[in-house]
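Okay, here's what each chain looks like letter by letter:
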Amino acid sequence: MRAVRFHEHGGPDVLTVDEIDEPEPGYGEVVVEVGAAGVNPVDTYFREGAYDVPYLPFTPGSDFAGTVVGVGEGVERFSFGDRVFGTGLGNGMSGTYAEQIVSPTELLTHLPEEVELTDAAAFALVGTTAWQALVHHASVEPVETVLIHGGSGGVGHVAIQLANTMGARVFTTSSPDYHDKLEALGADAVFDYNRDDLKRVITEVGTPDVILDTHMDHYLQFDADIAADGARIIGVGNDTAEGSFTNIGVTKSKELRYQFMSMFNTPDQPAVLSRLSDLLTRGDVEPVIHRTYDLEEAGEAQRNVIHDGFVGKIVLVP
Ligand SMILES: NC(=O)c1ccc[n+]([C@@H]2O[C@H](COP(=O)([O-])OP(=O)(O)OC[C@H]3O[C@@H](n4cnc5c(N)ncnc54)[C@H](OP(=O)(O)O)[C@@H]3O)[C@@H](O)[C@H]2O)c1
């Protein structure tokens, strides 16, 4: 079977499509024939060597949706032919850019017939991230105002929709090109993140009770300055090295809570995935798929996920 791998760390060109043996499931694992695999910025961090991989050559990719074609010992919840989706691979274990993958059952759940494999693969990692941030960590309440930085991104565009289903007033930031699309996804107000007076224009409309920060390198202090008293600020994106506080006092005077998180730490991933599957089935959240690529184009897909501007997600279809 074919799998995308990198034999050394480097740019997108180190990705090759290799013919390798079909995987065998171990105890508590299933083999999935991949119908679609989401492409996320984190996949590129492992390829570059910024994040460790356990061995080389290595297959990147966290998200997958497909059909169970092999069942290991000790597996009771899944059978041959089941439609499933999951996320969390590609970190300490081989990833999802392949025709077949092995997944521990703790990282996947069943997928209803009515949900497209591409939608499920696009949604798994970013949906889990948005769920953990807004539901688990921030416990958003219906009357609250939620600010989502980078609303056109993979995380941002599903977080807008999730916050909307929670009844919150949703603010987001993006390039001007995407404002109409993000309003159509449920944003109540969209602000151009390039504006010099961004703080002022946001706070004229409202002070956020919850902020989902996908760019902590830019916004840690910004978040503190515009947040409502007692706000929860959930940080998911980019390092904080360049973005440290210049006036940490405001975080104390406003009693702000900062929670930095990693999707890979999600406890009970199947329970979260089941919730996400319900959202997809009801049409409450609809991932936007900007483009699909085949395995041979994985390098181009990874280049685009970092460098191209678009709304939504990129998906590989083996
Ligand atoms: N901690 C976690 O568990 C976790 C989980 C998922 C993602 N992440 C991280 O979160 C970040 C976002 O992930 P993603 O999948 O949404 O990435 P993405 O799809 O590449 O989206 C990034 C978005 O950020 C926007 N952007 C760029 N510069 C910005 C700025 N200065 N202010 C506001 N928005 C800006 C981009 O808009 P333009 O196209 O208009 O430039 C783009 O829409 C990445 O760093 C990713 O690694 C962390």
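Residues numbered from 1 in each chain as written. Predicted model: local features only at pLDDT ≥ 70, side-chain atom pairs only at ≥ 80, totals over all residues. Heavy atoms only, no water.

Student: Could you clarify how one ought to interpret unusual backbone geometry in this entry?
Tutor: Trans peptide bonds make up the majority, and among non-glycine residues the majority have a negative phi. Following leucine 56, the chain continues into proline 57 via a peptide bond in cis, with omega recorded as -10 degrees. On the secondary structure map, proline 57 appears in the loop between helix 1 (41-48) and strand 4 (64-71). The phi dihedral of glutamate 255 is positive, around 55 degrees, even though this residue is not glycine. Relative to the helices and strands, glutamate 255 resides in the loop between helix 7 (249-253) and strand 13 (257-260). The backbone of aspartate 268 sits at a positive phi, close to 50 degrees, despite the residue not being glycine. Here aspartate 268 shows up in the loop between strand 13 and helix 8 (269-282). Residue classification places aspartate 268 among the exposed positions, given a relative accessible area of 52%. (Helix = DSSP H or I, 4+ residues; strand = E, 2+ residues; numbered from the N terminus. Buried < 20%, exposed > 50% of the residue type's maximum accessible area, 1.4 Å probe, protein only.)

Student: Explain the packing of helix 2 (residues 117-137) against helix 3 (residues 154-165) to me, please; I cannot follow it from the model alone.
Tutor: For any two helices packed against each other, one specifies the crossing angle of their axes together with the interaxial distance. At their nearest, the axes of helix 2 and helix 3 sit 9 Å apart, and the two run at 50 degrees to each other. Compared by their axis directions, helix 2 and helix 3 come out oblique. Two packed elements cross with a definite hand, and for helix 2 against helix 3 that hand is right-handed. Note on element contacts: helix 3 touches helix 2 through Gly154, Val155, Val158, Ala159, Leu162 and Ala163, opposite Phe123, Val126, Gly127, Thr129, Ala130, Trp131, Leu134 and Val135. (Axes fitted to C-alpha atoms, helices over the stretch in contact; angles between N-to-C directions. Parallel < 35°, antiparallel > 145°, perpendicular 65-115°, else oblique. Left-handed = near helix turned anticlockwise from the far one by under 90°. Contact = heavy atoms within 4.5 Å.)

Student: Is there a simple way to think about the site of the ligand in this case?
Tutor: Looking at the ligand, there are 25 residues lining it, with Ser152, Ser175, Tyr219, Asn238 and Met263 nearest. Backbone polar atom of valine 155 to an oxygen atom of the ligand: 2.9 Å apart, as the coordinates give it. One of the backbone N or O atoms of valine 236 is found 2.9 Å from a nitrogen atom in the ligand. Across the complex, the protein chains shield 84% of the 920 Å² of accessible surface that the ligand would expose by itself. When contributions to the shell around the ligand are tallied by element, the ones reaching two or more residues are helix 1, helix 2, helix 3 and helix 6 (216-226). (Near = heavy atom within 4 Å. Polar contact = N/O pair within 3.5 Å; in protein donor to acceptor, adjacent residues only side chain to side chain. Areas by Shrake-Rupley, 256 points an atom, 1.4 Å probe, with all protein chains shown as cover.)

Student: What am I meant to see in helix 5 (residues 198-205) here?
Tutor: What sets the pattern is the α-helix's 3.6 residues per turn: residues three or four places apart point alike. Buried within helix 5 we find Leu198, Val201 and Ile202. One face of helix 5 carries all of its buried residues, which in axial projection span an arc of 95 degrees. (Arc of directions from axis to C-beta.)

Student: Is there a simple way to think about the environment of glycine 127 in this case?
Tutor: Following the sequence through the fold, glycine 127 ends up in helix 2. The spatial distance from the C-alpha of glycine 127 to the C-alpha of glycine 235 is 15 Å, given a sequence separation of 108 residues. Contacts of glycine 127, omitting those with residues within four sequence positions, involve Val158 and Leu276.

Student: Would you explain a negative patch on the surface in this entry?
Tutor: The grouping of Asp21, Glu22, Glu24 and Glu33 at the surface amounts to a negative patch. Along the chain, aspartate 21 turns up in the loop between strand 2 (15-19) and strand 3 (29-39). Given a relative accessible area of 71%, aspartate 21 falls into the exposed group. (Patch = residues over 30% accessible without salt bridge, like charges linked within 9 Å, V, L, I, M, F, W, Y side chains within 5 Å. Salt bridge = Lys/Arg side-chain N within 4 Å of Asp/Glu carboxyl O. Lys, Arg positive; Asp, Glu negative; His and termini not counted. Charge placed at Lys NZ, Arg CZ, Asp CG, Glu CD.)

Student: Any chance you could explain the nonpolar core here in plain terms?
Tutor: Generally speaking, soluble globular proteins have nonpolar side chains that are buried together. Membership of the largest hydrophobic core comes to 81 residues, with the highest contact counts inside it found for Phe85, Leu134, Val140, Val146, Ile148, Leu276 and Leu316. Here the element with the most residues in this core is helix 2; it accounts for eleven residues. Among the domains, domain 1 (2-111 + 288-316) and domain 2 (125-263) are the pair contributing at least three residues each to this core. If near-sequence neighbours (up to four positions away) are discounted, leucine 276 is found in contact with Phe85, Phe123, Ala124, Gly127, Thr128 and Trp131. (Core = buried A, V, L, I, M, F, W, Y, C linked by side-chain atoms within 4.5 Å. Domains from an automatic or database assignment.)

By themselves, these are just geometric observations and shouldn't be taken as functional.
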